[in-house]
Structures are given as structure tokens and as C-alpha cells.
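Summary of structural features
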Amino acid sequence: MTFDRSVKIAPSILSADFANFGLECEAIEAQGADWVHVDVMDGHFVPNITFGPATCAAIRPHIKGVMDVHLMIAPVDPYIDAFAQAGADFITAHVEAGPHIHRTLQAIRGAGAKAGVALNPGTPASAIEDLMDDIDLICVMTVNPGFGGQKFIPLANKIAKLRDMVGDREVHIEIDGGVTPATAPGCVAAGADVLVAGSAVFKGGSVSNPDVYGQNIRAIRDAI
Ligand code: DX5
Ligand code: ZN
């Protein structure tokens, strides 16, 4: 996987048909998605439950490109190997999920995946300033994690601070939550290169009407 800072659209399958994940992943990739964003929730770190490593392993053969796994779980460490073995390219853990984020990031890289760190909206950029050499991706949450379809929280200053902190390092800056054609441009202008979008990509479409996914993805791309 070569690094680049071009803008990538990463639909979140949290807004897909849960009975049809394989076909949904194939449909969004065929319609122009760059990455597939996979939201894992435990009902403990966040007030919602989705699925675990077995589901990630099941959908992996249906994704040609990057599988970007966002863990909203605590603890994280006991499950890292299972998600790496499920074929995750990126495994992202929350800085708020426990006292040992550095150990977690090392374990993710040690398992052969790229390491991401996520920040809740209330967590300052400075929380991760000493982790810059230990990460491959920063996920800036622009909603409180747990649900799709929430209102975007503007955090352009924080994104810009993180972009400065990253400097020349090969670290992606990903925005997650409330991304739409209206909110995406400010994120990219501030320095983001990966845009997660759940409801904005899946709304109005289905595996039998996948052109809508393509229109929705293009609407975000055209806006930036
Ligand atoms: C929120 C998840 C997001 C979510 C985004 O907890 O991490 O990935 O699915 O959904 P939208 O784009 O609908 O805000
Ligand atoms: Zn997410």
C-alpha cells in the first residue's frame, strides 16, 4: 500500500444493510469508494453494539481495497490479533479507550496492521502529540461515536493542529462523523485526506440500486 495524500472517500458500512455486507462492500467499491470503513462497537466504550472480528473476516473477501477497522471498544488489546487476522489493513483504537494507548499501537503494528488512533470530539490534539512516530492514521471524530447520522461538529482548528503535528510523516488524517458535501470541504482545507461517510453515501441507495451510492460519493468528491 503506497502512501498518498489525495482525498479518499471511505463509506462506513454502519449505514449499509447488515444482512448484505458482502454485496454492499462490492457495490460501494464499484461505485467509487476508495476505502471501506468498518465500525466495531461494544456497548461499553460506546452506547451501541455492532459486530466483531468474525464479521470482519467474512466481509474481507468482498473488499478489494483497504479495509479500515475503527474499534470503538474497551479494552482493545485482547482483540487486536483477531482483527489483524480478519484482514484489517488499518486498525484504529481510541486514545480514550484505556491507559496504555502506546502499547496498543505497538501491538497493532506488531500484528502486521497499520495503526490508527482516534480522538473523540472533546479530546484535544495535544493528547497524541507524543505518538506521531507510532501511528499511520489519526481519526478525528466529528460526532460522539456510537451512531451514524449525527450532526457534524466543526473542528477545523483541531484538524489543522494535527496536520501541523504530522509534518512530513506518512500519517493519514481521517474525519469521521457527519461528513456530507457541505461539511467535507472545510475538513479537506484543514488538512484531512480520508473522509468517512456513512449516511451521506448510503442514503437512497441499495445493492439493487447502487448508482445512488456513486452519485452520493461523487457529490462529496465534487464539493471538495
Ligand atoms: C460513528 C462511526 C462513524 C459513522 C459515521 O460512531 O464511527 O463511522 O458511521 O456515520 P455518518 O457519516 O452517518 O455520521
Ligand atoms: Zn467510524
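Before reading on, note that the structure itself is shown above.
The paragraphs below set out a description of the structure included in this document. Every value quoted in this text rests on a predicted model; they were computed, and no experiment measured them.

1. Observations concerning the side chain of Thr 104
Mapped onto the elements, Thr 104 comes out in helix 4 (residues 101–110). For Thr 104, a relative accessible area of 7% puts it in the buried group. If sequence neighbours within four positions are ignored, Thr 104 has contacts with Val 76, Asp 77, Ile 80 and Ala 93.

2. Considering the site of ligand 1
Taken together, 20 residues surround ligand 1, and among them Asp 39, Gly 146, Asp 176, Gly 198 and Ser 199 come closest. Backbone polar atom of Gly 149 to an oxygen atom of ligand 1: 2.8 Å apart, as the coordinates give it. Within the contact set of ligand 1, an oxygen atom lies 2.6 Å away from a side-chain nitrogen or oxygen of Asp 176. Starting from 380 Å² of accessible surface for ligand 1 in isolation, the protein chains cover 100%. When atom positions are compared with the pocket grids, ligand 1 is found to occupy the largest pocket. When residues of the shell around ligand 1 are assigned to their parent elements, the largest contribution, three residues, is made by strand 2 (residues 35–41). Of the residues assigned to the shell around ligand 1, the class counts are eight nonpolar, 10 polar and two charged.

3. Examining the packing of aromatic side chains
Applying the stated criterion across every chain yields a total of five aromatic pairs. An angle of 25° between the planes, with centres 4.8 Å apart, marks the rings of Trp 35 and Phe 90 as stacked. Of this pair, Trp 35 sits in strand 2 while Phe 90 sits in strand 4 (residues 90–94), placing them 55 residues apart in sequence. In this structure Phe 90 comes out as buried when scored by relative accessible area, which is 1%. Here a set of aromatic residues connected by ring pairs shows up, and it is made of Phe 18, Phe 21 and Phe 51.

4. Considering the coordination of the zinc ion (ligand 2)
Put simply, a metal with four donors set out as a tetrahedron has ideal angles of 109.5 degrees, and one with six donors set out as an octahedron has ideal angles of 90 or 180 degrees. Listed as protein donors to the zinc ion (ligand 2) are His 37 (NE2), Asp 39 (OD), His 70 (ND1) and Asp 176 (OD); their distances from the metal cover 2.0 to 2.3 Å. Between consecutive donors of the zinc ion (ligand 2), the numbers of intervening residues give the motif H-x1-D-x30-H-x105-D. Here His 70 lies in strand 3 (residues 66–72) and His 37 lies in strand 2, a separation of 33 residues in the sequence. Accessibility classification places His 37 together with His 70 in one group, the buried group.

5. Section: helix 8 (residues 211–223)
An α-helix turns once every 3.6 residues. As a result, residues three or four positions apart point the same way. Given a rise of 1.5 Å per residue, 13 residues ought to cover 18 Å, and the 18 Å separating the end C-alpha atoms of helix 8 matches this to within 8%. All of the buried residues in helix 8 are Val 212, Tyr 213, Gly 214, Asn 216, Ile 217 and Ile 220. Packed against the buried residues of helix 8 are strand 1 (8–11), helix 1 (21–30), helix 6 (184–190), strand 8 (194–197) and helix 7 (199–202).

6. What to know about the layout of surface pockets
Put simply, the largest pocket is a space of about 220 Å³. The set of elements that each furnish at least two residues to the lining of the largest pocket consists of strand 2, strand 3, strand 8 and helix 7. Of the volumes computed, that of the second largest pocket is approximately 170 Å³. Met 1, Thr 2, Phe 3, Asp 4, Lys 8, Trp 35, Val 66, Phe 90, Lys 114, Asp 136, Glu 170 and His 172 are the residues that line the second largest pocket. Taken together, the residues of the lining of the second largest pocket sort by class into five nonpolar, two polar and five charged.

7. Looking at the sheet that holds strand 2
Taking strand neighbours across the sheet as the criterion, the eight strands line up as 1-8-7-6-5-4-3-2 in an open arrangement whose pairing is parallel. A single partner strand is all that each edge strand has here, and the edge strands are strand 1 and strand 2. Mean inter-strand twist for the sheet, computed between neighbouring axes without regard to direction, equals 25°. Across four bridges, strand 1 lies against strand 8 in parallel orientation. Along strand 8, the bridge assignment pairs Pro 11 with Ala 197.

8. Looking at the pairing of strand 7 (residues 172–176)
When you tally the buried positions in strand 7, you get five out of five residues, the bulk of the element. Here strand 7 shows no split at all, with His 172, Glu 174 and Asp 176 on one side and Ile 173 and Ile 175 on the other all buried. With five bridges connecting them, strand 6 (residues 137–141) and strand 7 associate as parallel partners. What sits directly across from Val 140, in strand 7, is Ile 175. Taken together, strand 6, helix 5 (residues 156–166) and strand 7 constitute a β-α-β crossover, and its handedness is right-handed. Two elements, strand 7 and strand 8, share three bridges in a ladder whose sense is parallel. Bridge assignment links Asp 176 to a residue of strand 8, and that residue is Val 196. Where the polypeptide runs from strand 7 across helix 6 and back to strand 8, its parallel neighbour, the crossover connection is right-handed.

Conventions we followed
- Residues numbered from 1 in each chain as written.
- Chains lettered and ligands numbered in written order.
- Predicted model: local features only at pLDDT ≥ 70, side-chain atom pairs only at ≥ 80, totals over all residues.
- Heavy atoms only, no water.
- Helix = DSSP H or I, 4+ residues; strand = E, 2+ residues; numbered from the N terminus.
- Buried < 20%, exposed > 50% of the residue type's maximum accessible area, 1.4 Å probe, protein only.
- Contact = heavy atoms within 4.5 Å.
- Near = heavy atom within 4 Å.
- Polar contact = N/O pair within 3.5 Å; in protein donor to acceptor, adjacent residues only side chain to side chain.
- Areas by Shrake-Rupley, 256 points an atom, 1.4 Å probe, with all protein chains shown as cover.
- 1 Å grid on protein atoms, 1.4 Å probe; cavity = no way out; pocket = protein on both sides within 12 Å on 5 of 7 lines; lining within 4 Å.
- Sits in = over half its atoms within 2 Å of the grid points.
- Nonpolar A, V, L, I, M, F, W, Y, C, P; charged D, E, K, R; others polar.
- Phe/Tyr/Trp six-rings, centres within 6.5 Å; stacked < 30°, edge-to-face > 60°.
- Donors = N, O, S within 2.8 Å, 3.2 Å for Na, K, Ca; no water.
- Expected span 1.5 Å × (residues − 1).
- Points joined across faces, edges and corners; volume = space filled by probe spheres on them.
- Pairing = 2+ DSSP bridges.
- Axes fitted to C-alpha atoms, helices over the stretch in contact; angles between N-to-C directions.
- Right-handed = clockwise from strand over helix to strand, strands pointing away.

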